[in-house]
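Chain residues, written in single-letter form:
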Amino acid sequence: MAKSSADDEELRRACQMAMDNPKQKIVLSMRVAKSRGMWGKSGKLGRGGMAKPRVLAISIKEKGNRVKAFLRVFKYSSGGVLEPAKIYKLKHLSKMEIATNDPSGCTFMLGFDNLRNHTVAPPQWTMRNVDDRNRVLFFILNICKDMLDQIPKVVGIDVVEMALWAKDNTQAISKQQADVPFGPDTIPGMEAEVQVAVEKDLVSQEEEEDMEALLGTYVMGIGEAEAFSERLRRELQALEAANVHSILENEPLIQEVLQGIEMAANCVEDMDEWLSIFNVKLRHMREDIESIETGNNKLETESANNKALIEELDKLLEKLRIPSEYIACLSGGSFDEGNMHENIDACEWLASALRELKVPKLDRIYANMRSVTEKQSELDRLKSTFVRKATEFLGNYFASLVDFMLNDKSYFSQRGQLKRPDHADLRYKCRIYARLLQHLKNLDKNCLTPLRKAYCSSMNLLLRREAREFANELRTSTKTPRNPIVWFDGSAGSSQKETNIDTSALSEAYGQMLTVFIPLLVDESSFFAHFMCFDVPSLDPSGGLPSGNKSDDDDDLGIMKIDQGKGTGDLAALNDSLQDLLDGIQEDFYSVVDWACKIDPLRCISMHGITDRYISGQKADAAGFVRILLDDLVNRVSSQFGRFVDEACHQIVRNERNVRQVGVLAYIPRFAILATRMEQYIQGQSRELVDQAYTKLVTIMFMTLDKIAQGDMKYVDIMLFENYAAFQNSLYELANVVPTLAKFYHQASEAYDQACTRYINTVIYFQFERLFQFARKIEDLMTTMNAEEIPFQIGMSKSDLRKVVKSSLSGVDKSITLMYKKIQRNLTSEELLPSLWDKCKKDFLEKYDVFTQLVAKVYPAETIPAVTEMRDILAKM
């Protein structure tokens with residue numbers, strides 16, 4: 001009994017752990033011998049009739065003052081673990097009935113009023129013994145009465161038997177459920193009222209009437225159950241004794257019965273042997289059936305595998321099949337415009353077929369199959385044949401298009417008519433095969449290399465012919481001076497006349513050349529990049545025009561829908577191909593630059609500015625060759641202008657070798673005219689070019705001036721200050737606006753002041769040499785001795801002072817007149833005389849003032865003419 005209680009406790013805990021709601025408490029758990037499930041809708045027994053042994057458990061859930069009770073069914077999983085199978089709410093329990101078809105009385109059924117289909121048979125369970133059945137039913141009845149306030153209908157249960165069982169097992173039940181939160185101890189008055197509960201709850205109205213009739217025969221009331229039970233027990237003992245006596249009396253019959261039983265036992269043994277034999281046969285049959293089922297399963301699996309294999313082979317054969325129309329197109333089709341749709345479809349199919357026969361599109365297990373490799377080889381042969389024929393056709397096609405245009409003179413500039421190149425028709429005809437080129441690239445990327453070279457070779461001939469004819473007609477139709485303009489050579493009169501000639505047509509011609517061909521070259525580069533399927537970003541078709549004009553031909557090839565989003569790995573290859581496409585065309589641009597520079601070198605400045613504007617207007621994604629071409633043109637223009645500057649410097653230097661020159665040199669005024677003209681031509685970024693020319697020219701001019709002046713030391717200062725003065729006078733206005741010229745203007749001003757000072761000192765010392773020489777001696781002696789000691793030095797006495805003053809200042813007005821005439825005689829620029837004479841008088845007075853101060857300090861007793869007297873004399877001159 002203790003072991004049984006331990007098993008029940010362990011079972012209850014297992015049910016508690018397996019329950020899906022931990023808030024509910026298991027108060028009773030019992031093993032079920034067998035159970036019958038719910039009937040299906042069709043009326044047949046669901047899931048094979050009788051189920052495997054299960055466990056019944058009663059659980060309660062307390063929520064405030066309310067208590068809910070449930071009947072739970074647990075089943076054992078394949079691993080032997082309990083898991084919930086079914087749950088019933090006891091508040092819906094309406095009927096408890098003992099199954100009549102079970103003679104042991106261990107099977108009972110429970111009816112619930114919440115079943116959706118009332119035709120469904122209620123569930124039934126068979127307990128291991130009657131005690132287990134009574135324990136379950138007893139718990140259910142007491143829970144329904146005391147906690148749910150309802151009593152289900154009881155059918156087929158012996159009320160007296162239940163009452164007696166409850167009396168004998170109440171204490172055991174209480175002990176068994178002592179450690180759970182629900183049991184007889186927790187139900188008020190359970191032990192005291194068990195008889196009443198049985199009498200009141202386990203007896204129906206009809207049974208109670210039958211019981212009263214039965215008790216009436218014994219002159220007992222319905223409430224005297226214990227006396228009635230005792231009387232029945234005594235009667236039962238009497239009956240049993242009578243039965244024993246009857247058995248003893250019927251011993252012969254018993255012997256016969258025993259013999260019959262023995263015979264039956266023999267028959268049973270024989271039957272058992274037969275059953276064992278049949279069991280062996282059945283086991284063999286079962287094994288045979290299992291082997292047959294295994295074979296059938298294998299056959300079914302093999303059939304399914306064969307079916308799947310056939311489907312896979314059908315799919316593979318579909319991939320390996322080559323449509324006849326595509327074979328004809330790929331192996332020997334025409335590439336005329338009318339057949340391009342079929343060619344494109346064939347290319348798309350071929351590319352798709354090649355992809356389908358390669359991993360990962362094709363499963364790796366098929367990759368090494370002979371049929372697959374043979375079909376790959378066949379497709380590769382078709383691809384090679386088609387690519388070769390298409391490449392040959394397109395190469396000849398490009399050459400024929402260009403040859404047609406080269407043979408038609410109407411496409412090029414002619415005498416008296418400048419023809420702007422028009423490639424719209426050429427691009428339209430090429431665009432027909434744009435998608436074919438894209439598919440050729442997808443099939444064999446290497447096939448595009450010879451095609452690109454063929455296209456570049458043909459188009460290069462056309463572009464160079466167009467540029468050459470346009471440049472020739474441009475030079476012919478532009479009105480220019482007959483003779484080139486010379487700036488630092490020849491007579492001044494002819495130079496002045498030549499420099500006034502308008503040469504703006506040269507810059508306009510150069511600008512027209514760029515306006516026509518730079519956008520064309522950018523468009524050709526963009527078209528070529530897209531047409532020949534280079535994986536590069538879109539090029540700017542505007543070509544960086546300063547005015548923002550776009551090309552009239554918008555090349556929408558419609559080919560970027562295939563393989564969009566590729567990288568820029570072809571940029572280097574594109575630049576190489578553009579070099580082949582446009583190489584040589586720069587010579588025609590160079591010829592226009594050289595022609596304009598030869599006529600008027602100063603036009604290099606405006607051409608430099610025009611080219612700079614085109615460079616600044618170029619987008620970062622424009623054609624690389626066009627940027628290189630513009631850079632080369634800038635270098636070419638700069639080189640031509642540098643050559644002109646070098647020639648001008650050479651012409652300036654040649655003045656050094658001429659016969660003695662006096663007055664203002666010829667290149668001084670010519671440079672002023674040149675600078676004025678250069679400032680008129682400056683555009684954009686040309687300022688740096690012009691400033692470099694200024695620096696080089698003025699530096700050579702000043703160096704040459706110094707060398708020429710040094711050729712005659714007598715007139716060196718006169719030559720210098722006259723030319724520096726002319727330089728300042730001619731560039732005064734330009735120096736106010738041009739920083740570079742302002743720098744040289746200040747440099748000339750300083751050199752002018754220095755030359756004037758040296759010349760005036762020479763003139764003053766020539767007329768008053770003894771006077772100012774005596775003053776210099778005084779200054780030298782004052783550095784080594786006191787002023788009082790100087791008169792005692794040899795040649796420095798007072799008498800020597802009087803002699804010097806008398807010889808120098810007697811007839812001073814005549815000496816000053818001679819000084820003025822000397823300056824006037826030596827100058828070739830009369831306009832410099834007033835300012836130079838004023839400076840001479842100022843310097844003389846400053847020197848004489850210093851002389852008087854020295855005399856007053858060393859010879860205080862001596863009197864000499866005052867400075868005011870000298871100023872009055874000079875004012876009269």
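**Details of the environment of K153**
Mapped onto the fold, K153 is located in strand β9 (residues 153-155). Taking the C-alpha atoms as reference, K153 lies 8.9 Å from L93; in sequence the two are 60 residues apart. Contacts of K153, omitting those with residues within four sequence positions, involve S94, K95 and M96.

**A look at the environment of I26**
Positionally, I26 belongs in strand β1 (residues 25-36). According to the relative accessible area criterion, I26 is buried, its value standing at 0%. The spatial distance from the C-alpha of I26 to the C-alpha of Q16 is 5.9 Å, given a sequence separation of 10 residues.

**Thoughts on the side chain of T852**
With respect to the secondary-structure elements, T852 resides in helix α29 (residues 833-858). By relative accessible area, which is 15% here, T852 ends up buried. A polar contact of 2.7 Å, which involves the side chain of T852, links it to the backbone oxygen of D849.

**Some remarks on a negative patch on the surface**
A cluster of acidic side chains, namely E269, D270, D272 and E273, defines a negative patch on the protein surface. Here E273 lies in helix α7 (residues 251-320).

**Things to note about the nonpolar core**
In terms of nonpolar packing, the biggest core is built from 177 residues, with L436, L440, Y455, F641, F671, F721 and F727 touching the most fellow members. In terms of residue count, the dominant contributor to this core is helix α16 (residues 504-531) (15 residues). Residues within four places of F727 in sequence aside, it is in contact with I668, F671, V698, M701, F702, F744, Y745 and A748. Counting residues in hydrophobic clusters, the runner-up holds 31 residues, among them L28, I98, I143 and V154.

**A few points about unusual backbone geometry**
A positive phi is found at C533, a non-glycine position, where the angle reads about 60°. Tracing the backbone shows C533 in the loop between α16 and α17 (571-582). Note on C533: relative accessible area 4%, which makes it buried.

**Considering the pairing of strand β7 (residues 107-112)**
Within β7, six of the six residues are buried, which leaves it mostly tucked inside the rest of the structure. Burial of β7 is two-sided: the residues T107, M109 and G111 facing one way and the residues F108, L110 and F112 facing the other way are all buried. Of the strand pairs in this sheet, strand β6 (residues 93-98) and β7 are connected by five bridges, and their pairing is antiparallel. Looking across to β7, one finds that E97 is bridged to M109. Examined bridge by bridge, β7 and strand β8 (residues 124-127) share three bridges and lie antiparallel to one another.

**Focus: a nonpolar patch on the surface**
A contiguous nonpolar patch, built from M271, W274, L275, I277, F278, L282, M285 and I289 and spanning about 800 Å² of accessible area, is present on the exposed surface. If you trace the backbone, I289 turns up in helix α7.

**A closer look at the pairing of strand β5 (residues 82-89)**
With seven bridges joining them, strand β4 (residues 66-76) and β5 adopt antiparallel strand pairing. Paired with Y76 across the strands is L82, a residue of β5. Between the end of β4 and the start of β5, which pair antiparallel, lie five residues, with G80 showing a positive phi angle near 80°.

**Comments concerning the packing of helix α25 (residues 739-767) against helix α26 (residues 769-782)**
Viewed as axis vectors pointing N to C, α25 and α26 meet at an angle of 100°, and their least axial separation amounts to 5 Å. One finds that α25 runs roughly perpendicular with respect to α26. Of α26, the residues touching α25 (which contributes I764, Y765 and Q767) are E769, F772 and R776. Each residue belonging to the contact of α25 with α26 can be placed in one class, and the counts come to three nonpolar, one polar and two charged.

**Some remarks on helix α30 (residues 867-876)**
What α30 keeps buried is the set V867, M870 and L874. On an axial view of α30, the arc spanned by its buried residues comes to 60°, and they lie on one face. Across α30 from its buried face, at more than 90 degrees, point the exposed residues A875 and K876. The secondary structure elements touched by the buried residues of α30 are α27 (798-809), α28 (812-826) and α29.

**So, the confidence of the model for the protein chain**
Summarising the model, the protein chain shows a mean pLDDT of 77, and 79% of its residues fall at 70 or more. When the criterion is pLDDT under 50, residues 38-50 qualifies, and its contacts beyond four places in sequence or with other chains add up to 20 contacts. Segment residues 173-202: pLDDT under 50, and 55 contacts once partners within four positions in sequence are set aside and those in other chains are kept.

**Examining the pattern of salt bridges**
Overall, the coordinates contain 16 salt bridges when judged by the stated rule. Here D594 and R636 are joined by a salt bridge, their closest N and O atoms 2.7 Å apart. With a gap of 42 residues between them, D594 in helix α18 (residues 586-599) and R636 in helix α20 (residues 624-654) connect regions that are remote in the sequence. Note on D594: relative accessible area 23%, which makes it partly exposed. A relative accessible area of 29% means that R636 is categorised as partly exposed. Where K841 meets D838, a salt bridge forms, and the shortest distance between an N and an O atom there is 3.9 Å. On the criterion of helical spacing, the pair formed by K841 and D838 is a turn pair, its members being three residues apart in helix α29. A residue is classified by how much of its surface remains accessible, and K841, at 17% relative accessible area, is buried. Exposure remark for D838: the relative accessible area of 45% places this residue in the partly exposed category.

**Observations concerning the packing of aromatic side chains**
Taken as a whole and assessed by the stated rule, the structure comprises 33 aromatic pairs. With centroids separated by 5.3 Å and ring planes inclined at 85°, the aromatic side chains of F398 and Y455 adopt a geometry described as edge-to-face. Separated by 57 residues along the polypeptide, F398 in helix α11 (residues 370-406) and Y455 in helix α14 (residues 448-477) bring together distant segments of the chain. Taken together, the ring pairs in this structure connect F393, Y397, F398, Y433, Y455, F527, F528, F531 and F534 into an aromatic cluster. Just above the ring of Y681 sits the side chain of R603; from NZ or CZ to the centre is 3.9 Å. Positioned above the aromatic ring of F744, the side-chain terminus of K743 is 4.9 Å from the ring centre.

**Focus on a positive patch on the surface**
A surface patch of like charges, here positive, comprises K23, K63, R66, K68, K89 and K91. Mapped onto the fold, K63 is located in strand β3 (residues 55-63).

Cut-offs used in this document
Residues numbered from 1 in each chain as written. Predicted model: local features only at pLDDT ≥ 70, side-chain atom pairs only at ≥ 80, totals over all residues. Heavy atoms only, no water. Helix = DSSP H or I, 4+ residues; strand = E, 2+ residues; numbered from the N terminus. Contact = heavy atoms within 4.5 Å. Buried < 20%, exposed > 50% of the residue type's maximum accessible area, 1.4 Å probe, protein only. Polar contact = N/O pair within 3.5 Å; in protein donor to acceptor, adjacent residues only side chain to side chain. Patch = residues over 30% accessible without salt bridge, like charges linked within 9 Å, V, L, I, M, F, W, Y side chains within 5 Å. Areas by Shrake-Rupley, 256 points an atom, 1.4 Å probe, with all protein chains shown as cover. Salt bridge = Lys/Arg side-chain N within 4 Å of Asp/Glu carboxyl O. Lys, Arg positive; Asp, Glu negative; His and termini not counted. Charge placed at Lys NZ, Arg CZ, Asp CG, Glu CD. Core = buried A, V, L, I, M, F, W, Y, C linked by side-chain atoms within 4.5 Å. Pairing = 2+ DSSP bridges. Axes fitted to C-alpha atoms, helices over the stretch in contact; angles between N-to-C directions. Parallel < 35°, antiparallel > 145°, perpendicular 65-115°, else oblique. Nonpolar A, V, L, I, M, F, W, Y, C, P; charged D, E, K, R; others polar. Arc of directions from axis to C-beta. pLDDT = per-residue confidence, 0-100. Phe/Tyr/Trp six-rings, centres within 6.5 Å; stacked < 30°, edge-to-face > 60°. Lys NZ or Arg CZ within 6 Å of the ring centre and 35° of its normal.

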